[in-house]
Amino acid sequence: MMEEMEETPLSPALYLIPSPLGDTPTDFVLPPHNADVVRHLRHFIVESRKMAVRFLSRLDRDFPIDECDFFELSEHTAENADLSAMLRPLENGEAMGVISDAGCPAVGDPGSRAVALAHKKNLPVVPLVGPNSMILSLMASGFNGQNFAFNGYLPVKNGERESKIKQLENRVHKENQTQIFIETPYRNQKLFDALLKTCRAETKLCVASALTTKDESIRTKTIAAWKKEKSPELGKIPTIFLLYK
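How each quantity is defined
Residues numbered from 1 in each chain as written. Predicted model: local features only at pLDDT ≥ 70, side-chain atom pairs only at ≥ 80, totals over all residues. Heavy atoms only, no water. Core = buried A, V, L, I, M, F, W, Y, C linked by side-chain atoms within 4.5 Å. Buried < 20%, exposed > 50% of the residue type's maximum accessible area, 1.4 Å probe, protein only. Contact = heavy atoms within 4.5 Å. Helix = DSSP H or I, 4+ residues; strand = E, 2+ residues; numbered from the N terminus. Pairing = 2+ DSSP bridges. Axes fitted to C-alpha atoms, helices over the stretch in contact; angles between N-to-C directions. 1 Å grid on protein atoms, 1.4 Å probe; cavity = no way out; pocket = protein on both sides within 12 Å on 5 of 7 lines; lining within 4 Å. Points joined across faces, edges and corners; volume = space filled by probe spheres on them. Nonpolar A, V, L, I, M, F, W, Y, C, P; charged D, E, K, R; others polar.

A. Quick peek at the nonpolar core. Counting 30 residues, the largest nonpolar core has Phe181, Phe192, Leu195, Leu205 and Phe241 as the members making the most contacts within it. Residues within four places of leucine 195 in sequence aside, it is in contact with Ile165, Phe181, Leu205, Ile223, Phe241 and Leu243. Judged by nonpolar contacts, the second largest core, of 23 residues, contains Tyr15, Val37, Val38 and Phe55.

Written as C-alpha cells, this is what we have:
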C-alpha cells in the first residue's frame with residue numbers, strides 16, 4: 001500500500017482561479033487541485049466580494065471567510081486608481097488569488113490589471129485550469145479553431161455596433177478567421193437582432209449560452225437559417241457569439 005504523500009506548501013504567487021457559471025457544482029468543472037490551492041489562500045483580488053464569498057463557500061462550506069481579506073477590482077475601478085497596495089501580501093511572501101464573478105479571471109475581465117501589475121513587479125503568476133466560455137464555444141461551434149480573434153464587447157450605440165459587425169464579418173471572409181465576442185446579458189437580444197440585420201445570409205453564426213450549466217445551449221446556423229426561426233431566449237443569460245463563413 002502506498003504511503004500518503006506529505007502536503008506540499010503553496011508557493012507565493014498570484015493564482016488565477018476560475019469559477020463556474022450559475023449554480024453548476026464546482027466539482028463538475030474544476031479539478032480537485034484548484035480546491036487544494038484555494039484552501040491555502042487568505043488574500044484575494046475579486047470582481048465583487050459577495051460573489052467571491054459565494055464561490056469560496058461552495059468550494060468549501062467550512063472556508064474561513066472571516067480570516068480573509070478582499071481587494072475589489074472591477075469594471076468600475078477607475079483607470080487612474082492607485083493599485084500599488086493591491087499585491088502587498090504577495091510582495092511580503094504570501095500567496096494571493098484572483099477570482100472573477102464567473103469564468104476565468106483576466107479574460108474579458110478586469111483581473112487582467114492585477115496580472116499586469118504582478119508582471120511589472122516580477123511576481124510569479126499561476127493560471128489554474130478551469131472552464132473558459134470563449135474556448136468552449138469555439139470548440140463546439142464547428143468554426144476555425146486555428147485562426148480566431150476574441151473581440152470582447154462590441155459598441156453599444158446603434159450604427160457603431162453595425163459598423164463593427166460588418167468589419168468583423170469582412171475579416172471572416174477575407175482572413176478565414178473566426179470572430180468571437182460577448183455582450184452584457186440584458187443586451188444580448190439587441191446584439192442578436194443586429195447580427196441578423198447586418199450580416200450576409202451565408203455567414204454562419206454560433207450562439208453559445210449558459211455554458212457548463214444545466215441550461216446550456218450551443219447552436220450554429222447561417223444567418224438565413226436563423227431568420228427563419230423564432231429568436232432564442234437570451235435575456236439575462238451569459239452568451240458567446242461567434243461568426244464564421
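B. How the structure looks around helix H8 (residues 188–198). Among the residues of H8, those classed as buried are Asn188, Leu191, Phe192, Ala194, Leu195, Leu196 and Thr198. Against the buried residues of H8 lie helix H7 (160–175), strand S7 (178–182), strand S8 (204–209), helix H9 (223–227) and strand S10 (239–244).

C. Just the sheet that holds strand S1 (residues 14–17), in detail. Spatially, S3-S2-S4-S1-S5 is the arrangement adopted by the 5 strands of the open sheet, whose pairing is parallel. Strands at the two margins of the open sheet, each flanked by one partner only, are strand S3 (69–72) and strand S5 (125–127). Strand-to-strand twist across the sheet, computed as the mean angle between neighbouring axes with direction ignored, equals 25°. The sheet contact formed by S1 and S5 spans 3 bridges and is parallel. Bridging from a neighbouring strand, leucine 14 pairs with valine 125 of S5. Across the sheet, helix H3 (residues 49–59) touches S1, strand S2 (43–46), S3 and strand S4 (96–99), and the angle it forms with S3 is around 135°. Each of S1, S2, S4 and S5 is contacted by helix H5 (residues 112–120), which is oriented at about 155° to S1, the strand it contacts most.

D. Spatial organisation of the layout of surface pockets. As a volume, the largest pocket reaches approximately 1,100 Å³. Lining the largest pocket are 39 residues; nearest its centre among them are Glu47, Ser100, Asp101, Ala102 and Tyr153. Those elements giving two or more residues to the lining of the largest pocket turn out to be H3, helix H6 (133–141), strand S6 (148–153), S8 and S10. The dominant element in the lining of the largest pocket, judged by the number of residues it contributes, is H3, at 4 residues. For the lining of the largest pocket, the per-class residue count stands at 19 nonpolar, 12 polar and 8 charged.

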